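So the chains spell out like this:
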Amino acid sequence: MNVLVIGSGGREHAIAWQCSQFNEVKRVFVAPGNAGTALEKKISNISIDSENIPGLISFAREELIDITIVGPEAPLVLGIVDEFKNEGLAIFGPSKRASQLEGSKVFCKDFLDRNNIPTAYYRAFTETKPAIDYVKEKGAPIVIKADGLAAGKGVIIANSIKEATDAINDMLDGNRFGEAGSRVVIEEFLEGEEASFIVMVDGNNILPMATSQDHKARDNGDKGPNTGGMGAYSPAPVVTDLVYKNAMEKVIRPTVDAMKSEGMPYTGFLYAGLMINQNENVKVLEYNCRFGDPETQPIMMRLQSNLASLCLLGANGSLANATAEWDSRSSLGVVMAAKGYPHSYQKGDIISLPESSSSVKVFHAGTVLEKEQILSNGGRVLCATALGKDLKDAQGRAYKLVNEVKWRGSYFRTDIGFKGL
Ligand code: AMP
Ligand code: GLY
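In this report, the structure presented in the accompanying data block is examined. Quantities reported herein were computed from a predicted structural model and do not represent experimental measurements.

Each value, and the rule that gives it
Residues numbered from 1 in each chain as written. Chains lettered and ligands numbered in written order. Predicted model: local features only at pLDDT ≥ 70, side-chain atom pairs only at ≥ 80, totals over all residues. Heavy atoms only, no water. Disulfide = S-S within 2.5 Å. Near = heavy atom within 4 Å. Polar contact = N/O pair within 3.5 Å; in protein donor to acceptor, adjacent residues only side chain to side chain. Areas by Shrake-Rupley, 256 points an atom, 1.4 Å probe, with all protein chains shown as cover. Helix = DSSP H or I, 4+ residues; strand = E, 2+ residues; numbered from the N terminus. Nonpolar A, V, L, I, M, F, W, Y, C, P; charged D, E, K, R; others polar. Pairing = 2+ DSSP bridges. Salt bridge = Lys/Arg side-chain N within 4 Å of Asp/Glu carboxyl O. Buried < 20%, exposed > 50% of the residue type's maximum accessible area, 1.4 Å probe, protein only. Core = buried A, V, L, I, M, F, W, Y, C linked by side-chain atoms within 4.5 Å. Contact = heavy atoms within 4.5 Å. Phe/Tyr/Trp six-rings, centres within 6.5 Å; stacked < 30°, edge-to-face > 60°. Lys NZ or Arg CZ within 6 Å of the ring centre and 35° of its normal.

1. Comments concerning the state of the cysteines
- This structure, assessed with the given rule, holds 0 disulfides.
- Here Cys19 stays free of any disulfide, with the sulfur of Cys311 as its closest cysteine sulfur at 6.5 Å.

Next comes the structure, spelled out in C-alpha cells:
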C-alpha cells in the first residue's frame, strides 16, 4: 500500500517511520516533511503545504495513495477529511464539524456539559465586563482560554484576579489571539496529574492506543512557560486500571456515542487531555482531534502493528475486531528545542546525529536538509526516543542518545519521566 502523511513535525516523522517498517507498505510520502523523513528508506517528502487541500488531493489521486493520515489539527479544522471523502479518497481523521472538539473550546465545553461528561465548570464570554465579574465571583486560581486554535499558547492559568483580568483584557480587547480569542472560556482550576489518553475511532468502535504522559512546561520540575510538549513517555503509570476504566466508560465511550447521536460521528485519532485526581477520577481538560506531539514518538516506538492498516480500517468503519500489539517495554522521548523556544530562537544550526537502532531513534521535527546537512529550522527540533526494560532504563537510554547529538544551540529538560518514577 501507498501512504500519505500530512505534516512536518516529530509526530509525522514517527508515524511515517512506523508505517515504513512493514513489507505491505510500498511507499510513504510526507507533505511537506522534514530532514528526518527525507533521510528514511521508503519515505519521500513532497513539497505541498499541509493546508493546501486541492494540491494534496491531486497528489493522492496521481500517486494512488491507499490511505492518508493527517498529523496536525489545522488541515482537519479546515475540512480536509470532508474534501478527500468527497473525492472518494481514503483518509483517517475527523470531519470539519467533528474537529470542532479541538477547534473551539466553547464547542467542546458545551458538548461535554450537555452530555454529562466530566470536565471543569466553566462559562463562555465575548464581553470583558461580565467575564471579569465572573472571575471576581469565582476567585483565583482560575483558567482563561482563548476559544480558537492558538498553537498551545491560548491557555492562561491565572493565580490572582489581576492576572485573570489582564488575560481577559488581552484576549477580548487587546485582540492578542485575533479571531481565536474573540471568545474566551473561563473555567475552574483543576488539581491532579495529567495524562494523554489517545484512541482511534471509526465513528463507532474504539481502539485505544498505549497510555502516555507529556511534559508541557519548558523547564525542569514543570516550571517556565507552556510549550507544545518537551518530552513524553509510555506507558504512564498514573493511568492505573481504574483510571483506564474511568477514562473509557465516563469519557471516551460517551463522547463517541454522543458525537454519533448528534449527527457528527467521530473518525480519527481522539486525544483526551485528562486531569486525574487522588480518587482516580478523571476530568477532560481538553480534546485534541489528532495524535499528540511528542506522545506519538514514544508510542510509535512501542506499536508493533501496522499503523497504516489500522488507519485504513478506521477510515472504513472496520475497527470492531482490530487489535494493536504493543512492545511491553517502556519508551521515553526527550524533546531537544532551539534555545529561546517557545519565544524567539535561532534557526540554521548544523546538527549531527548518532546512528539509530530498533530501540533508539532520534525523530526530527523542525529540521531541513540542505546540501546533505541537517539544519535546525524550528522551535522543537528533535525528539531523542528510546525503549528500555522499564521507565528508568528508557530514560537513561534516551538521555545517552541526547548526549550523542552534536548541536550547540540545543535546549532540553533533564528530568523527562520524573513524574512516572
Ligand atoms: P489545554 O490546551 O486546554 O490542554 O491547556 C494547556 C494546559 O493548561 C493543560 O495541559 C494543563 O496543564 C493546563 N490546564 C488547562 N486547563 C486547566 C484547568 N482547568 N485546570 C488546571 N490546569 C489546566
Ligand atoms: N503534546 C500535546 C499536544 O500534542 O497537544
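Here the narrative resumes, following the displayed structure.
2. Some thoughts on the site of ligand 1
- Contacts to ligand 1 come from 15 residues, most closely from Glu187, Glu188, Leu190, Glu194 and Glu286.
- Between ligand 1 and Glu187 there is a distance of 2.7 Å, counted from a nitrogen atom to a side-chain nitrogen or oxygen.
- Here a nitrogen atom of ligand 1 and a backbone polar atom of Glu188 are 2.8 Å apart.
- A total of 470 Å² of accessible area belongs to ligand 1 in isolation, and the protein chains cover 92% of it.
- The set of elements that each furnish at least two residues to the shell around ligand 1 consists of β7 (142-146), β8 (155-158), β9 (184-188) and β17 (282-288).
- Grouping the constituent residues of the shell around ligand 1 by class yields 7 nonpolar, 1 polar and 7 charged.

3. Concerning the sheet that holds strand β19 (residues 350-351)
- Spatial ordering of the open sheet is given by β19-β22-β21, a layout of 3 strands whose pairing is antiparallel. The strands lining the two open edges of the sheet, one partner per strand, are β19 and β21 (367-370).
- Here β21 runs beside strand β22 (residues 373-376); their pairing, made up of 4 bridges, is antiparallel. Bridge pairing in β22 places Thr367 opposite Ser376.

4. Here's the deal with unusual backbone geometry
- Omega for the bond connecting Asp293 with Pro294 falls within 30 degrees of zero, at 20°, which places this linkage in the cis form.
- Tracing the backbone through its elements, the reader meets Pro294 in the loop between β17 and α11 (296-302).
- Of note, the phi angle at Asp222 is positive, near 60°, even though the residue is not glycine.
- Mapped onto the fold, Asp222 is located in the loop between β13 (217-219) and β14 (223-226).

5. A look at the sheet that holds strand β5 (residues 91-92)
- The strand order β3-β2-β1-β4-β5 describes an open sheet built from 5 strands, whose pairing is parallel. Here the strands that pair on one side only, and so sit at the sheet edges, are β3 (43-45) and β5.
- Across 2 bridges, the pairing between strand β4 (residues 67-70) and β5 is parallel. Looking across to β5, one finds that Thr68 is bridged to Ile91.

6. Remarks on the pattern of salt bridges
- Under the criterion given, the structure shown has 23 salt bridges.
- In this structure, Arg290 and Glu102 form a salt bridge, with 3.2 Å as the shortest nitrogen-oxygen distance. With Arg290 in the loop between β17 and α11 and Glu102 in helix α6 (residues 100-103), this pair connects stretches of sequence that are 188 residues apart.
- For Arg290, a relative accessible area of 12% translates into the label buried.
- A salt bridge links Asp219 to Arg218; the nearest nitrogen and oxygen atoms lie 2.9 Å apart.
- Under the relative-accessibility criterion, Asp219 is labelled buried at 18%.
- Overall, the relative accessible area of 19% leaves Arg218 in the buried class.
- The structure contains a network of salt bridges with shared partners spanning Asp222, Arg413, Asp415 and Lys419.

7. Digging into the pairing of strand β23 (residues 380-388)
- Burial of β23 is extensive: 8 of the 9 residues sit out of reach of the surface.
- Judged from the 8 bridges that link them, strand β18 (residues 330-338) and β23 form a sheet pairing that is antiparallel. Paired with Ser330 across the strands is Gly388, a residue of β23.
- For strand β20 (residues 360-364) and β23, the ladder comprises 5 bridges, and the chain directions are antiparallel.

8. What to know about the nonpolar core
- Ranked by size, the top nonpolar core spans 74 residues in total, and within it Leu4, Ile80, Phe197, Val251, Ile252 and Tyr287 carry the most contacts.
- The greatest single-element share of this core, amounting to 8 residues, is contributed by helix α10 (residues 241-261).
- Those residues in contact with Ile80 that sit more than four places away from it in its chain are Ile6, Ile53, Leu56, Val70, Pro75 and Ile91.
- If you look at the next biggest cluster of nonpolar residues, it comprises 37 residues, including Ala14, Val25, Val30 and Leu319.

9. Examining the site of ligand 2
- In the vicinity of ligand 2, the contacting residues are Asp214, Lys216, Gly228, Tyr271, Asn288, Arg290, Gly292, Asp293, Pro294 and Glu295.
- Here a nitrogen atom of ligand 2 and a side-chain polar atom of Glu295 are 2.9 Å apart.
- Protein chains shield 90% of the accessible area of ligand 2, which is 200 Å² for the free molecule.

10. A look at the packing of aromatic side chains
- Tallied over the entire structure, the rule returns 8 aromatic pairs.
- Measuring from ring centre to ring centre gives 5.4 Å for Phe125 and Tyr134, while their planes differ by 50°; the resulting arrangement is tilted. Pair check on accessibility: Phe125 and Tyr134 agree, each one buried.
- Consider the rings of Tyr399 and Phe412, whose centres lie 6.4 Å apart with planes at 45°: the pair is tilted. Taken together, the positions of Tyr399 in helix α13 (residues 391-404) and Phe412 in the segment after β24 (410-411) put the pair 13 residues apart, joining distant regions of the chain.
- On the accessibility criterion, Tyr399 (14% relative accessible area) is buried.
- The ring of Tyr121 has Lys138 lying over it, and the distance from NZ or CZ to the ring centre is 4.7 Å.
- In this structure, Arg218 is placed above the aromatic ring of Tyr411, and the distance from its NZ or CZ to the ring centre is 6.0 Å.

11. Here's the deal with the side chain of Asn2
- Along the chain, Asn2 turns up in strand β1 (residues 2-7).
- Judged by its relative accessible area of 10%, Asn2 is buried.
- At 3.4 Å, the side chain of Asn2 and the backbone oxygen of Glu63 are in polar contact.

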